[in-house]
Amino acid sequence: MLEVVRVPVLSDNYVWLIHDSVSAETVAVDPAVAEPVLQAAAARGWTIGQIWNTHWHGDHVGGNAGIKAAAKAWGGCTITGPAAEAARIGSLDRTVREGASVGIGDHVARVMEVPAHTAGHIAYHLPDDGMIFVGDTLFAMGCGRLFEGTPAQMFANMQRFAALPDDTTVYCAHEYTQSNGRFALTVEPDNMALRERMEAVDTARARDEATVPTTIGLERDTNIFMRARNVAELAQRRAAKDAG
Ligand code: ZN
Ligand code: FE
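In this report, we go over the structure that sits alongside the text. (Residues numbered from 1 in each chain as written. Chains lettered and ligands numbered in written order. Predicted model: local features only at pLDDT ≥ 70, side-chain atom pairs only at ≥ 80, totals over all residues. Heavy atoms only, no water.)

**Some points on helix 1 (residues 35–42)**
Point 1. Every buried residue of helix 1 is accounted for by Val37, Leu38, Ala40 and Ala41. One side of helix 1 holds all its buried residues, which, seen down the axis, span an arc of 160°. Seen from the open side of helix 1, the exposed residues pointing more than 90 degrees away from its buried face are Gln39 and Ala42.
Point 2. Elements that come into contact with the buried residues of helix 1 comprise strand 1 (2–9), strand 2 (13–20), strand 3 (25–29) and helix 3 (64–70). (Buried < 20%, exposed > 50% of the residue type's maximum accessible area, 1.4 Å probe, protein only. Helix = DSSP H or I, 4+ residues; strand = E, 2+ residues; numbered from the N terminus. Arc of directions from axis to C-beta. Contact = heavy atoms within 4.5 Å.)

**Things to note about the coordination of the zinc ion (ligand 1)**
By definition of the ideal shapes, four donors in a tetrahedron about a metal sit 109.5 degrees apart, and six donors in an octahedron sit 90 or 180 degrees apart.
Point 1. Those donors, His55 (NE2), His57 (ND1), His117 (NE2) and Asp136 (OD), are the protein atoms that reach the zinc ion (ligand 1), and they lie 2.2 to 2.3 Å from it.
Point 2. Coordination at the zinc ion (ligand 1) is irregular, judged from the four donor atoms that bind it and the angles of 88 to 172° they form at the metal.
Point 3. Sequence positions of the residues that donate to the zinc ion (ligand 1) give the spacing H-x1-H-x59-H-x18-D.
Point 4. The distance between the zinc ion (ligand 1) and the iron ion (ligand 2) comes to 3.2 Å, with Asp136 serving as a donor to both metals. Note that His55 is positioned in the loop between strand 4 (50–52) and helix 2 (58–61) and His117 in the loop between strand 8 (107–113) and strand 9 (122–126), a separation of 62 residues in sequence. (Donors = N, O, S within 2.8 Å, 3.2 Å for Na, K, Ca; no water. Tetrahedral: all angles 85-135°; square planar, octahedral: opposite > 155°, others 65-115°.)

**Here's the deal with the sheet that holds strand 7 (residues 101–104)**
Hydrogen bonds along the backbone pair up the strands of a sheet, which may run parallel or antiparallel.
Point 1. Taken in spatial order, the six strands of this open sheet run 7-8-9-10-13-14, and their pairing is mixed. A strand with exactly one partner marks an edge of an open sheet, and here the two such strands are strand 7 and strand 14 (214–215).
Point 2. Of the pairings in the sheet, the one linking strand 8 to strand 9 comprises four bridges and is antiparallel in character. The residue of strand 9 that forms the bridge with Glu113 is Ile122.
Point 3. The sheet contacts of helix 5 (residues 151–162) involve strand 8, strand 9 and strand 10 (131–135), and relative to strand 8 the element is tilted by about 150°. (Pairing = 2+ DSSP bridges. Axes fitted to C-alpha atoms, helices over the stretch in contact; angles between N-to-C directions.)

Spelled out as C-alpha cells, the structure:
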C-alpha cells in the first residue's frame, strides 16, 4: 500500500509525497519549494529519494535543487521529468516519454504525455494502485489553461482520463475547485451531481479544508471540460472560463 500526503505550499499549490512502507521509498511530486516538503517528509521519518515533475513551471520544479541538495544526507534524490521539457527544467536526472515506467518500490507508474497546459506536460498513472498524478492538466471540476497547446490536445487528454477506472484517485497540483465549480454551474446549472458537489466544496472551503484529491468517477459526473462533447465545446468553455 502506498501512502500519499498532501503538502500545501505557496498560495494554492499541493505537493504530493508518495511513500512505500515496504521499500521505505518516498517520492515528491512537483515540489514547488523545498523546505516545507522536506519538513513534511522528516516529520514522518521519511527521506525523499525521488522527485517526479509533470511540467516545467516554477511552481512545480522550484524545490528540485533544494531537495536534491538536502538528499545528499541520505543517499541522493533522482529527478524524473518530461523529455520534451528537459532543457527548461535543467535539473532532470531521467527524462521520460509516453509509456515509460517509473517506480517506487514494487509500484509502477506509467507516463502519459498530456500536452496542452505546457507542450511536454506528463502525468504519472499507477494503474495497480488506482492513482494518477496529473499536475496542471486535470483539476477538480476544471482543466489547466492552454498556455502551450490547443483545445484539441486538451480534449484528447480529457478523453484519456475519462477512460480510466471510476475509482482512480486524481492528485492535482492546485486548490482551484471552488472557482472551477462556480464556473461549471454557469455551464450546467441543472447538473444535480455538480450542485451537490459544490455544496460540499463550499462547506469545505469555508472551513479552509482541501477539496482534492478527487476521482475520475466524480470528474466524469461534474467536470465540464471532461464532459465536453467535442473540441469546439471544450474550446468555448475554456475561453469563457479564462475571460471570467
Ligand atoms: Zn503549470
Ligand atoms: Fe501550477
